[in-house]
Amino acid sequence: MSATVLQIAYLLSAVLFIVGLKMLSSARTATRGNAIAALGMGVAIVTTLIGQGVLGWEYIIGGVALGSAIGAFTALRVKMTSMPEMVALLNGSGGVASALVAGAELLSYADRGESPAGMVATAIVLSTLIGGLTLTGSLIAFLKLAEKMPGRPITYPGQQFVNAIIGLGVVALCVMVATSPLELGPFWALAGIALVLGVLLVIPIGGADMPVVISLLNSYSGIAACATGFVLNNTGLVIGGTLVGASGLILTKIMCDAMNRSLGNVLFGAFGAAPAGGSSAAGGEEQGTVKGYTPEDAAVIFSNASSCIIVPGYGMAVAQAQHAVRELADLLEEKGITCRFAIHPVAGRMPGHMNVLLAEADVNYEKLIEMDNINPEFPQTDVALVIGANDVVNPSARSDESSPIYGMPILDVDRAQHVFVIKRSMNPGFAGVQNPLFFNENTMMVFGDAKATVLALVNAVRAY
Amino acid sequence: MLSDPAVALTVLVLALFVGIEIISKVPPLLHTPLMSGSNAISGITIVGALIAVTSDNPLISTWFGFAAVVFATINVVGGFLVTNRMLAMFKPKQARGDDK
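Residues numbered from 1 in each chain as written. Chains lettered and ligands numbered in written order. Predicted model: local features only at pLDDT ≥ 70, side-chain atom pairs only at ≥ 80, totals over all residues. Heavy atoms only, no water.

> Sorry, what's going on with the overall build of chain B here?
Secondary structure assignment for chain B yields four helices and zero strands. For chain B, the N- to C-terminal ordering of α and β elements is α-α-α-α. Residue burial in chain B is summarised as follows: out of 100 residues, 62% are buried. Nonlocal contacts in chain B, meaning residues at least 24 apart in sequence, comprise 68% of its contacts between residues at least 6 apart. Accessible surface, chain B: about 3,800 Å² in total, of which carbon and sulfur atoms supply 70%. (Helix = DSSP H or I, 4+ residues; strand = E, 2+ residues; numbered from the N terminus. Buried < 20%, exposed > 50% of the residue type's maximum accessible area, 1.4 Å probe, protein only. Contact = heavy atoms within 4.5 Å. Areas by Shrake-Rupley, 256 points an atom, 1.4 Å probe, with all protein chains shown as cover.)

As structure tokens, this is what we get:
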């Protein structure tokens, strides 16, 4: 196949990616869009195999078989509640694959004793650095999400100083590799430091900031693929990588906006470290006592209600309560109570987390309403039911300028006639901020595991 | 091929604008599938991995390429399959067969 035909085939695969992503703009066409993007990938792979000739087939067959087995096994087995962990691992494997390709290219150049052009050397540096830190950063994100390591920010004295030194080292090594790429020492050092950097960048970030981290690492895996495209002079990689990079950056921005924080603040702010000197406990006493209620009390209120908005949060995911929640919503609808869901952009641990869980439980997606569209509805709503959400419904974000979360857009549940909050305990949310919602006159706290409590609520409503 | 770096940069910038344009239109409802689906697309690096193993390279490059093939395939196969699995769950009420 001539070079031109190969290029046209790569262009075709890029067009299929773009069409596929475009079809993700509607739930009706999304499944087909995903299939079209996969077809684009197939075109790119077949094109490469035809264009490359016959060397190394044993490696290709072995590698593809192994990768397919691992990929298919995890994709078909993973629980929907574990989707953030799955995406974290996928980010990491994409990043490291790009870095490995860049490394393989550099080692081939070195073997031939031929120096790559400046642009190629620069691309090798970027791909190694970004791909490497995407791998370890994603692994740390995975461990935090899977609660195999503490989700709270890990900080130590002199952290900023250590990071600054490493940052300088990274810059120096990048320059060394880019200017004299055939010296392999700096290259190995760069690869090593990239791996360390990924760990250092993610450990100080708290669990609830994971939507930002995952989005950013998603973007990095795309940028690494794009850089590898420059290494190999391949348009398919440049376009595919850039699309993913753009997607990750847009999601990162949406997540930051939804927390009213800058990216820098998320990455380096170590937000929600230890709350200062027990002030949250003291704050609780000042605000009065919390009223604990039973599901039966809630059922009484529901018997007089005609509308309900359910606000799910991470607590629903942890308790795997989505099916119980769907059962409750169906029951309420049966009793003539309109029931919708209010979805905050950063509810859960990744963008769109709540939507996926509720879709899994067979909730009609037309009932999942975005924050800006549902907020005007709360004052006319009889019951707002908050399930395992905290900071995204904290009214002090609206009113208390001294609050660390002041300015964050929230769901205005406190404006509903009655508010039920299902929560495991009175522990403040990850931000360590006390939530005045819990002390409001119209708020009823029901303590317990989200799933058990929702099921108890179902029984109580049914019996009433 | 893209022998002129300016051509590759042109492709990059245009792709960036296309990406921003189409991805901004994806509703929050589908942000998780967008993420896993775009993740699968970043597995396009499999093209580079295949080139690395099939070229007449030193053994260490071939092994790097082999590892890259494995990781990129995980990304591609895992990404598209899990996205498909998720999207299959997003159904409007009318389309639900077993509506009770």
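> Teacher, can you tell me more about the packing of helix α4 (residues 83-112) of chain A against helix α3 (residues 45-54) of chain B here?
For any two helices packed against each other, the geometry is given by the interaxial angle and the distance between the axes. Where α4 of chain A meets α3 of chain B, the closest approach of the two axes is 9 Å, and the angle between their N-to-C directions is 35°. The interaxial crossing formed by α4 of chain A with α3 of chain B has left-handed handedness. Contacts between α4 of chain A and α3 of chain B pair G94, A97, S98, V101 and A104 of chain A from the former with T45, G48, A49 and A52 of chain B from the latter. Class assignment of the residues belonging to the contact of α4 of chain A with α3 of chain B gives a composition of five nonpolar, four polar and no charged. (Axes fitted to C-alpha atoms, helices over the stretch in contact; angles between N-to-C directions. Left-handed = near helix turned anticlockwise from the far one by under 90°. Nonpolar A, V, L, I, M, F, W, Y, C, P; charged D, E, K, R; others polar.)

> Can you walk me through the packing of aromatic side chains in this structure?
Each aromatic ring pair is characterised by the separation of its centres together with the angle its planes make. One pass over the full model with this rule turns up six aromatic pairs over all chains. Summarising the aromatic geometry, the rings of Y59 of chain A and F66 of chain B are spaced 6.1 Å apart at their centres and angled 65° between planes, so their arrangement reads as edge-to-face. In this pair, Y59 of chain A is assigned in helix α3 (residues 57-77) and F66 of chain B in helix α4 (residues 59-87), connecting two distinct chains. In this structure, Y59 of chain A and F66 of chain B share a single accessibility class: buried. Chaining the aromatic ring pairs together yields one cluster made of Y59 of chain A together with W63 and F66 of chain B. (Phe/Tyr/Trp six-rings, centres within 6.5 Å; stacked < 30°, edge-to-face > 60°.)

> When you look at the sheet that holds strand β1 (residues 307-312) of chain A in this model, what are you seeing that I'm missing?
Strand-to-strand pairing in sheets goes through backbone hydrogen bonds, with the strands running parallel or antiparallel. All names here are of chain A. The six strands lie next to each other as β3-β2-β1-β4-β5-β6, forming an open sheet whose pairing is parallel. The open sheet terminates on both sides in strands that have one partner only, identified here as β3 (368-370) and β6 (443-447). For this sheet, the mean inter-axis angle between neighbouring strands, taken without regard to orientation, is 25°. The pairing of strand β2 (residues 338-343) with β3 spans three bridges and is classified as parallel. Following the sheet pairing, A342 is matched in β3 by I369. Across the sheet, helix α15 (residues 353-360) touches β1, β2 and β3, and the angle it forms with β2 is around 145°. (Pairing = 2+ DSSP bridges.)

> How should the environment of A319 of chain A be read in this particular structure?
Residue and element names in this part refer to chain A. When you line up the elements, A319 lands in the loop between α13 (314-318) and α14 (322-334). C-alpha separation for the pair A319 and G388, spaced 69 residues apart in sequence, amounts to 8.9 Å. Sequence-distant contacts of A319, defined by excluding residues within four places in its chain, comprise D449, A450 and K451.

> Quick question: what am I supposed to make of the nonpolar core here?
Within soluble globular proteins, side chains that are nonpolar generally end up buried alongside one another. Residues and elements named next belong to chain A. Grouped together as the largest cluster of nonpolar side chains are 151 residues, with contacts concentrated most on F302, I310, V325, F341, L385 and I387. No other element matches α4, which puts 14 residues into this core. Apart from residues no more than four positions distant in its own chain, I310 is found in contact with V325, A329, C339, R340, F341, A342, L385 and I387. With 33 residues, the next largest nonpolar core counts M259, I369, A384 and F438 among its residues. (Core = buried A, V, L, I, M, F, W, Y, C linked by side-chain atoms within 4.5 Å.)

> Can you walk me through the environment of I20 of chain B in this structure?
Position of I20 of chain B relative to the elements: it lies in helix α1 (residues 5-23). Taking the C-alpha atoms as reference points, I20 of chain B and F90 of chain B, separated by 70 residues in sequence, lie 24 Å from one another. I20 of chain B has contacts with A246 and I250 of chain A, leaving out every residue within four places of it along the chain.

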